[in-house]
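Working through the structure, step by step
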Amino acid sequence: MIPGEDEDSRRSYADFTFPEKVKRTLCRTQECLKKKKRKKKKRLVVHLGLRKVATTSIQAWLRECAETLRNEHSVLVLARSDHKYFVTWREVVYAFMNGKLSERHFVQKVDRQARKVRQWMLAQTASAILLSDENLFGARLYREINGTTLYDWAMKILPRIEAIWGEFFDVTFVLYLRRDELAWLRSCYNQEVKNNRLTLSYTEWAAKIPPGIDSWNDKFSSFASGIKSPFRTVFLGEEPHLGATLLQEVGVDCTRANVSPLLHQHLNESLPEAALEFMRAINQSSDISYTSKSAVGTVVDSMRHLFVQDQI
């Protein structure tokens, strides 16, 4: 009987006497909630796939190891576009980067995709998940129209996915960097010529980088200040083998795991100088469609050896 409103019958719900069957149900529900809170969160390692730091090679290697890691170590590997939600996520980031989405709509869409990924990961039976995602940063280093960089975009996304995923997972972020920042910038430029139809020379492109960035590595390392989860920065060439840190973070002993080490990075390499000049000339042509330019870029990339001159 629900307590009435008169003085004689009024009492708190805490004092109300429930039937025994209802009491048992409430006790079981409360116990389940307590167990759920006490239950250890599943480990989630997020490899932030920054451009031109062997990300493509690491992801290809993870795919090769995925079956072994799943069967022998209960580690689920998701690399790049292994899941449909990451494809949509990339489209959202690129749309924002190109000015086709407002910041409010961008944040809403990122949150929606992050929740979809979380829901899918929660349904998996693996004890740990290794997620390698290069879709957080977009396809360009900066947007000249508003002076923002991929650092700014990532700082908008990382705290949000940390909050959404961290509610149910024990999250660790891993970021690879190159010590030689100038070499890294040059590689970024080469990629934009190849993939983004860039026509500027390297000097012109570098001069348009927004001011205030004395060190890209320092900037990227400061990601840690914007999140609460563990954040590891790894420099290329300073691991036992490339990708070893990712395995360590998901609890896999690299020395004992039945996984072939990744010794060399070789995928998605920069084009030779002659090939870059050729692509810039193609990009500058107004008689060639965007689709055709993309097709030419693919052919040039696959035949890069023809643009390397032998020493005389």
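It should be emphasised that the depicted structure is a prediction, and the values quoted were computed from it without experimental measurement. (Residues numbered from 1 in each chain as written. Predicted model: local features only at pLDDT ≥ 70, side-chain atom pairs only at ≥ 80, totals over all residues. Heavy atoms only, no water.)

1. Remarks on a nonpolar patch on the surface
A cluster of nonpolar side chains, contributed by Val299, Met303 and Leu306, occupies part of the molecular surface with about 270 Å² of accessible area. You can see methionine 303 is positioned in the segment after helix 11 (290-302). (Patch = residues over 30% accessible without salt bridge, like charges linked within 9 Å, V, L, I, M, F, W, Y side chains within 5 Å. Areas by Shrake-Rupley, 256 points an atom, 1.4 Å probe, with all protein chains shown as cover. Salt bridge = Lys/Arg side-chain N within 4 Å of Asp/Glu carboxyl O. Helix = DSSP H or I, 4+ residues; strand = E, 2+ residues; numbered from the N terminus.)

2. A look at the pattern of salt bridges
All told, the structure shown has eight salt bridges when counted by the stated rule. Measuring nitrogen to oxygen at the nearest pair gives 3.3 Å for the salt bridge that ties glutamate 273 to arginine 186. Here glutamate 273 is found in helix 10 (residues 273-284), whereas its partner arginine 186 is found in helix 6 (residues 181-195), with 87 residues between them in sequence.

3. Section: the packing of helix 6 against helix 10
To describe two helices that pack against each other, one gives the angle between their axes and the distance between the axes. Direction vectors running N to C along helix 6 and helix 10 enclose 45°, while the axes themselves pass 9 Å from each other. As the angle between them shows, helix 6 and helix 10 are arranged oblique. The way helix 6 lies across helix 10 gives a crossing that is left-handed. Here Arg186, Tyr189, Asn190, Val193 and Lys194 of helix 6 come into contact with helix 10, specifically with Glu273, Leu276, Met279, Arg280 and Asn283. Among the residues making up the contact of helix 6 with helix 10, the classes are represented as four nonpolar, two polar and four charged. (Axes fitted to C-alpha atoms, helices over the stretch in contact; angles between N-to-C directions. Parallel < 35°, antiparallel > 145°, perpendicular 65-115°, else oblique. Left-handed = near helix turned anticlockwise from the far one by under 90°. Contact = heavy atoms within 4.5 Å. Nonpolar A, V, L, I, M, F, W, Y, C, P; charged D, E, K, R; others polar.)

4. Some words on the pairing of strand 2 (residues 75-79)
Counting buried positions along strand 2 yields five of five residues, so the element is predominantly enclosed. Here strand 2 shows a buried face lined by Val75, Val77 and Ala79 and a second buried face lined by Leu76 and Leu78. Strand direction decides the pairing type here: strand 2 and strand 3 (residues 128-133), joined by five bridges, are parallel. The partner of leucine 76 across the bridge, within strand 3, is isoleucine 129. (Buried < 20%, exposed > 50% of the residue type's maximum accessible area, 1.4 Å probe, protein only. Pairing = 2+ DSSP bridges.)

5. Topic: the side chain of lysine 42
Structurally, the position occupied by lysine 42 is in strand 1 (residues 42-48). Buried and without a salt bridge, lysine 42 has aspartate 170 as its closest oppositely charged side chain, separated by 13 Å. Within polar-contact distance, the side chain of lysine 42 engages the backbone oxygen of glutamine 124 at 2.8 Å. Of note is the side chain of lysine 42, whose polar atom sits 2.9 Å from the backbone oxygen of alanine 126. Once you skip the residues sitting within four places of it in the chain, lysine 42 turns out to touch Met121, Gln124, Thr125, Ala126, Ser127, Ala128, Ile129, Phe168, Phe169 and Asp170. (Lys, Arg positive; Asp, Glu negative; His and termini not counted. Polar contact = N/O pair within 3.5 Å; in protein donor to acceptor, adjacent residues only side chain to side chain.)

6. A short note on the environment of arginine 51
Along the polypeptide, arginine 51 turns up in the loop between strand 1 and helix 2 (55-73). In this structure arginine 51 comes out as buried when scored by relative accessible area, which is 10%. Taking the C-alpha atoms as reference points, arginine 51 and arginine 140, separated by 89 residues in sequence, lie 9.3 Å from one another.

7. Here's the deal with the nonpolar core
The biggest cluster of nonpolar side chains holds 82 residues, and the ones touching the most others in it are Trp165, Trp205 and Phe220. The element contributing the most residues to this core is helix 5 (residues 150-166), with nine residues. Beyond its immediate chain neighbours, meaning those up to four positions away, phenylalanine 220 contacts Leu50, Leu150, Tyr151, Leu175, Leu177, Trp184 and Phe231. (Core = buried A, V, L, I, M, F, W, Y, C linked by side-chain atoms within 4.5 Å.)

8. A closer look at unusual backbone geometry
You will see that alanine 54, though not glycine, has its phi angle at about 65°, which is positive. Structurally, alanine 54 can be placed in the loop between strand 1 and helix 2. Residue classification places alanine 54 among the buried positions, given a relative accessible area of 13%. Even without being a glycine, serine 74 presents a positive backbone phi close to 55°.

9. Some details on the pairing of strand 3
Within strand 3, six of the six residues are buried, which leaves the element mostly enclosed by the surrounding structure. Side-chain alternation along strand 3 places Ala128, Leu130 and Ser132 on one buried face and Ile129, Leu131 and Asp133 on a second face that is also buried. Sheet topology places strand 1 next to strand 3; six bridges connect them, and they run parallel. Counted as the bridge partner of leucine 44 is isoleucine 129 from strand 3.

10. Quick look at the sheet that holds strand 1
Pairing in this open sheet of five strands is parallel, and the strands run 2-3-1-6-7 from one edge to the other. Unpaired on one side and paired on the other, strand 2 and strand 7 (231-235) mark the two borders of the sheet. For this sheet the average axis-to-axis angle between neighbouring strands, irrespective of direction, equals 20°. Helix 2 contacts strand 1, strand 2, strand 3 and strand 6 (169-177) of the sheet and is inclined by roughly 155° relative to strand 2.

11. Focus: the confidence of the model for the protein
Chain-level pLDDT for the protein is 80 on average; 80% of the residues reach the 70-or-more range. Of all secondary-structure elements in the protein, the lowest mean pLDDT belongs to helix 1 (residues 20-38), at 63, while strand 6 reaches the highest, 95. Every residue in residues 1-14 is under pLDDT 50, and counting partners more than four places away or in other chains gives 13 contacts. (pLDDT = per-residue confidence, 0-100.)

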